[in-house]
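Here are the chains, one letter per residue:
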Amino acid sequence: MRDGSLLLVLILLPFVGAVLAALLRPNARNTEAWLAGSVAGGGLLVTLFAYPQVSDGGVIRYVIPWIPSLGLSVTLRMDGFAWMFSLLITGIGLLVVLYARYYMSPQDPVARFYALLLTFMGAMLGVVLSGNLILLAVFWELTSIVSFLLIGYWHQNESARAGARMALTITGAGGLFLFLGLILLGRIAGTYDLDGVLKAGDVIRAHPLYSTVLVLVLAGALTKSAQFPFHFWLPNAMAAPTPVSAYLHSATMVKAGVFLLARFWPVLSGTPEWFTIVGIAGLSTLLLGAYFAIFQQDIKGLLAYSTISHLGLITALLSFGSPLAAVAAIFHMANHATFKASLFMAAGIIDHETGTRDMRKLSGLFRFMPYTATLAMVASAAMAGVPLLNGFLSKEMFFSEALEEHHETILDTIAPYVAVAAGAFAVAYSARFIYSVFFGPKPTDLPHMPHEPPRWMRFPVELLVVICVLVGVVPNLTIGPFLRSAVISVLGPDTPAYSLSVWHGVNLPLIMSIASILGGLALYWFLRRELKIDADGAPGMRGIDGQRVFERILVAVSWRGARIAESWLTTTRLQPQLRLVVALAVLAGAWAMAGSWHLVPPVNLHGLDPVLGALWAVGMVCSVAAAWSARDHRLSALILVGGTGLVTCMSFIWLSAPDLAVTQLLVEIVTTALILLGLRWLPKREGLPPRKLDLMARYRRGRDLLIAVLAGTGLAGLAYFAMLMPRPPSVGDYYLEHAYVDGGGTNVVNVILVDFRGFDTAFEIVVLAIVALSVFALLRRFRPAEDNLDRPFQQQEQDANDEVRRDREVGDTLKDYMLVPSVIMRWMFPAISLFAAYLFLRGHDLPGGGFAAGVTLAIGFLLQYLAGGARWVEERLRILPVRWIAVGLLFSIGTGLGAILFGYPYLTSWFQYVEIPFIGKMPAASVLVFDLGIFWLVVGAIVLVLVAIAHQSLRTRTRRSAAERQEAA
Amino acid sequence: MIPVHLVIAPILIPLATGAFMLFFEDREHRLKTILSLASVIGLVIVATLLVIRVNSGEGPAALVYLLGNWPVPVAIDLVGERLSTLMLLVTALLALPALLFATDRWQGAGPHFYSLFQFLLVGINGAFLTGDLFNLFVFFEVMLAASYGLLLHGGGLPRVRSGMHYVGVNLVASLVFLVGIAMVYAASGSLNMAEIALRAESMQGFDRPVLNVGIAMLGLAFLVKAGMWPLGNWLVPAYSAAAGPVAAIFVMLSKVGIYALLRLALLVPSDGIAFGARVMFIGGAITMVIAIIGVLAAQSMKRAGAYFILMSSGTLLATFGLSRPETTAGGLFYLVSSTLALGAFFFIVDVLDRERDGASDVIAVTAEAYGDREDVAEEEVGSLMPGGVAILAVGFGLLAMVLIGLPPLPGFLAKFAILTSAFGPITEANDPAIVRPAILAGLLVLSGFAGLLTLSRMGIRTFWQPVEPLSPRITIRETAPILFLLALLVILVIRAGPAMDLFRATAEDLHHQTRYLDAVFAAEPAPSARDGGR
């Protein structure tokens, strides 16, 4: 496997392992640990195996196409720098797995834990091995998500939930910005391939969008690496199980930010913007993190702030822009990972064995766990930068770089002072950790009696500490070559000459080191008493709980503010919505007309017939009056609407469209009747307060009137002018020519409806069917308002009258008050049915057709219901409207399908004239069957609505009588 | 059935099934379930065949079906081309799980659920397929009529109230639609979209503004359906009141509006820039802002889901408003992924809502506002979720990732596809053309962040710290639809390359409308069709 498929194995291993881990029994902790350990160990072996190919600037690549058209591919790429990180990720990962085996409680269902840990390992490997910018973004966000789940692993704890959410919010948001920045970067460079981008550094730095890209990329990197002012999520993430902290918050996840900075260092660094932003972030984080760390009472809190500070140090080094500083940064990444991981593990051991991490309670542990104490002390010394340990070497390099002039700004001038101060703080908090935990009097009231941890729980710490010492003493024999490979792969030809030796002679950096060590020890000496009893947090910062502030801001901005904005910008009321639609229609019309007003033809009122004009005036008055009276006088409004309908109907006749007129008339009748039946169930309007017209109401009405007038006149005017234009050749001409020749009907309207555009008709009736079904569904659940439960006023009046009169029983009048009309209505039924049949049959040649016939027959049924009541009708006729609808639909489908059987498209018609006895010569077209379907469906749909309304009274009556019975009992 | 007639099958299959089921009472639950599922599976198969057929490169780019066998500009035509067949497939793939989910308990909550569901599919499929403007209106009405019925399904005051508003606003929109059709017909003398496009090129005098007004009216009507601010106020109450499976299939409804807009806007002008592209972009951007606010302000998951629909509408409008083939392709990727994800999201919300009362959602926010750090001893032992909850939690997490746009799920890829093509190769400094992509990019990031905040809050409250212990009784018929959609999303990730090629080809077709016109005008009626009696 000398090719890149090695990388594929490396990256797939953890993900496959994660899936397996998730599938295991939740409590199989040994199996889980073995599985995770072998995955990490396997990864480590693969990494080691790959080294020869990446030393001295070699690069391994492996490409799988993903979305080639967008330049996105799964490009895995390993160079010396990525190799170093792979080693850290898999190596420390292996140690963490071993450590977690002993750390996690036996009761803990660890399947999820190991699955997540392995997923994280994979994601982190993905970040460092990505050879494509977008793939990098993919793994980057994946680390945020998995770290969220890991921090919130003990999600029954409030602090875990809050810490997890905060980490996700900050790093996730940073990732979104990074994503955008990477897209821009790729777009400027012309490729998303990392190698291509790394070569395009000059183009990118000279591009006007450089600073935008920089800010976006930094937003991702600085949030991830917990740089000031985004640092606060890291201390809160300490709610995670300690193995997670040791892994994510020392060696891997937070390192992703500085990894990114180093990765793009050749492309983005060296400009004043870079130095300013990165430098300020790095130096302030370095100083503040170290300062805050001194005052933490929780060991993990101290380590978290220390981590922040050390990441600041790396960031600051990268900001300088000099190759030597970059070498130091890369060196310190590795060093920090080793000593900080071991310290987190040591802190976990202390927590595990004593039950607390509070340094105010801990004391004198050296006598109980001398071995662990020694290890922790060595690691802390490395953290503080004590000579002969790895931390010293990289810090020394930092000091010498801080002294160098890079850019002539104030930032550069203060850098050495900041460096020494932060160094002193680091010594102070390290000393404090050692002294207060391991020395002093015997501890009192600890939850557990402390003792040494199990052998293999301590092993990872031992190993890491040994590495710290080895690197610190003989750097050139240990890390030297690996560091060199990493540095070459980042800096390429710019790689400077540098020396890793422990002793450089007495120079300024050494003096700075000595000063910071002595200063730090002195600082601790002064503060030691206060620290032992102090509250948590740095002075001046105690009142400010970063987490609360964060949450409050979130709630204020995201929720309260959003709710206010939502109530301002949206409405739940119907009227404004309708007004908006109409108003915007006016605006849209005006917008579309823009620039074309000169094309409007001259107004021409010649030929306006006075009679038609008068008719329309009546119609308009009716519609306005209907709107006027709709609120208080529903019945009159309904009648007026009917008036408008009749005018429409007459206009159709006037314009020689008898078909439309017939249909319009029938539809008018049936809708008016149905609404009349429904009026009974609307809430009562009696006793409403009279309209009050204050100023606002007047304004609203005026505005609405304006909108209405604009919409109406605009539409009318447009229609009028459009009709003045010479008519374009239209499809209508074709209909006129071909209706009889090809459609077999002299009634063009009918031929259009059932043949030319039969497809429309077929689905218009589907609409009718659906509406009927929906109305039925709605009314089945409908229960009228309380004030409608009483019988109508007129009926009560009649009954009261009956009661007074001696010769009448109560109810006598009501029983037959419609006697004469109802007899007529009953006898009308056969006549109406015959008329419907007549309309149906003549449809293809003369006004009529299935729709008109159906409405007619439905009117017949309606009259029966009016005459006899629902019960009377349904005792005598089989009313199965849903079935009729179904029959109608299937008829119409069947007609269409018939054509397909003969190999023609759906709804292709066929016709022939046939002789039928008594009736005469009839066009027997296939469309007749189709029309029959329409007929059945229309009848069914209207009757279904009718039934739904009619059954209201039955239902209320039963309910009322039930209530009455209850009252009587 | 011979392949020619395959184009009409997506309309006829659900129509016949829906009509046939009317013969049976609602208590014949098993029969109706089988029939409905058979119909929807049939739709999936037909749509797949159509997509393969249209993209196979054999024969014409579009399958044109002339109804009634009349010649081209006269006949109502169905056009199965890349975009419409793609939409058919997405619809079918969403309808299948929605139906399966509904069979578990929602079907009994009101009469004729199964038929209405099939009729809704008739309307949606017809709207995608038709090449005739008035026929489009008819199918819109079929769709809306069925959706009125489905929205009311299950009853209850919120449904009736929001349903009433839904009906009101959409009826007015239909009226505007009709006015638009009348104007277009007046100006062009045709209802056939291809014919209109052809005639629009050589239109003189006052006909031109009349056509423009007509198309503006049509656009307005479509924007109402798509939910663009401020026309989309009805959407959130209606969708959040609808029953779970209904809300899931409604996700497709808003896409129909966008589809129609896209089709029409690109069909009319000839220079490749969509009609009213600027309006689409601005409206889409504002809609995104509103959706971001709404997502942040949402207390209940359902409401958040409804705002996510609005967000996807806004994103699509803004993306299509850029009017470039590459971004349109990215938009299509987004359309498919967000539709599938939102569908599954509504399933999960439906199961969860059954278990909790609304109070816990309110507590989630107030707890965040005032803190609820009870000083309970922190326990450092993990807890195990019951299997049902774990499925829901994982599903919720994955869908949240899609909706936020987190990698590696399709939401992320879609945003990438949109942004990388929106920016294009950036060579020129201070190019004014970068303003709109920059706005879009900003809004996409912001919408992702808003989603992250809201969904993490909801997820944590629901799964990590339920107010009452969560033990949903979730059945296989409810789990399977969620898993099915998740599987589709995963496939979309793995096969992102071929999928993107498909979307690209689709977008290219869309932006070169001559391909559509050529296909339509090349269609010939079946020979000697009129021999019957003439």
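Residues numbered from 1 in each chain as written. Chains lettered and ligands numbered in written order. Predicted model: local features only at pLDDT ≥ 70, side-chain atom pairs only at ≥ 80, totals over all residues. Heavy atoms only, no water.

1. Things to note about the overall build of chain B
Quick note on the threshold: What counts as a helix is a DSSP run of H or I of at least four residues, what counts as a strand is a run of E of at least two, and both are numbered from the N terminus. Burial here depends on accessible area, computed with a 1.4 Å probe over protein chains only, as a share of the maximum for the residue type. Under 20% is buried, over 50% is exposed, and the range in between is partly exposed. Throughout, a contact is declared for two residues whenever any of their heavy atoms are within 4.5 Å.
In terms of helices and strands, chain B carries 20 helices and two strands. Residues classed as buried in chain B amount to 70% of the 534 residues present. A sequence separation of at least 24 residues applies to 81% of the contacts in chain B between residues at least 6 apart.

2. Structural notes on the pattern of salt bridges
Selection criterion: Salt-bridge detection follows one rule: a side-chain nitrogen of Lys or Arg within 4 Å of a carboxyl oxygen of Asp or Glu.
Overall, the coordinates contain 25 salt bridges over all chains when judged by the stated rule. We note a salt bridge from aspartate 195 of chain A to arginine 61 of chain A, for which the minimum N-O separation is 2.5 Å. One end of the pair, aspartate 195 of chain A, is in helix 7 (residues 194-199); the other, arginine 61 of chain A, is in strand 1 (residues 60-67), and 134 residues separate them in sequence. Arginine 61 of chain A gets classed as partly exposed once you look at its relative accessible area, which sits at 33%. Between aspartate 509 of chain B and arginine 82 of chain B there is a salt bridge, and its shortest N-O distance comes to 3.1 Å. Of the two residues, aspartate 509 of chain B is situated in helix 19 (residues 496-511) and arginine 82 of chain B in helix 3 (residues 82-104); the sequence distance between them amounts to 427 residues. Across the pair, exposure class does not vary: aspartate 509 of chain B and arginine 82 of chain B are buried alike.

3. Some thoughts on the nonpolar core
As a reminder, the rule being used: We call a set of buried residues a nonpolar core when its members are Ala, Val, Leu, Ile, Met, Phe, Trp, Tyr or Cys and they connect through side-chain atoms within 4.5 Å of each other.
Phe759 and Phe763 of chain A are the most contacted members of the largest nonpolar core, which has 521 residues in total. For this core, the leading source of residues is helix 16 (residues 323-354) of chain A, giving 19 residues. Setting aside chain neighbours within four positions, we find phenylalanine 763 of chain A in contact with Ile11, Leu15, Val122, Val138, Phe139 and Val142 of chain B.

4. Some words on the pairing of strand 1 (residues 63-66) of chain B
Along any regular strand the residues' side chains alternate between the sheet's two faces. All names here are of chain B. Applied cut-off: For two strands to pair, DSSP has to find at least two bridges joining them.
On strand 1, burial covers both faces: Leu63 and Tyr65 on one face and Val64 and Leu66 on the other are all buried. Bridge count between strand 1 and strand 2 (residues 77-80): four bridges; the pairing is antiparallel. Its bridge partner lying in strand 2, leucine 63 is registered against glycine 80.

5. Focus on the packing of aromatic side chains
All names here are of chain A. Put simply, the rule is: Note on aromatic pairs: the rings of Phe, Tyr and Trp (six-membered ring only in Trp) are paired at centre separations within 6.5 Å, and the planes decide the class, stacked below 30 degrees, edge-to-face beyond 60, tilted for the rest. Any Lys NZ or Arg CZ found within 6 Å of a ring centre and within 35 degrees of that ring's normal is scored as a charge over the ring.
Under the defined criterion, the tally for this structure stands at 61 aromatic pairs over all chains. Judged by centre distance (5.4 Å) and plane angle (85 degrees), the rings of phenylalanine 113 and tyrosine 114 are edge-to-face. Feature note: the residues Phe829, Phe840, Phe861, Trp884, Phe935 and Trp936 constitute an aromatic cluster, connected by ring pairs. It is arginine 455 that lies over the ring of tryptophan 456; its NZ or CZ is 5.6 Å from the centre. Here the guanidinium or amino end of arginine 826 rests over the ring plane of tryptophan 872, the centre of that ring lying 4.1 Å away.

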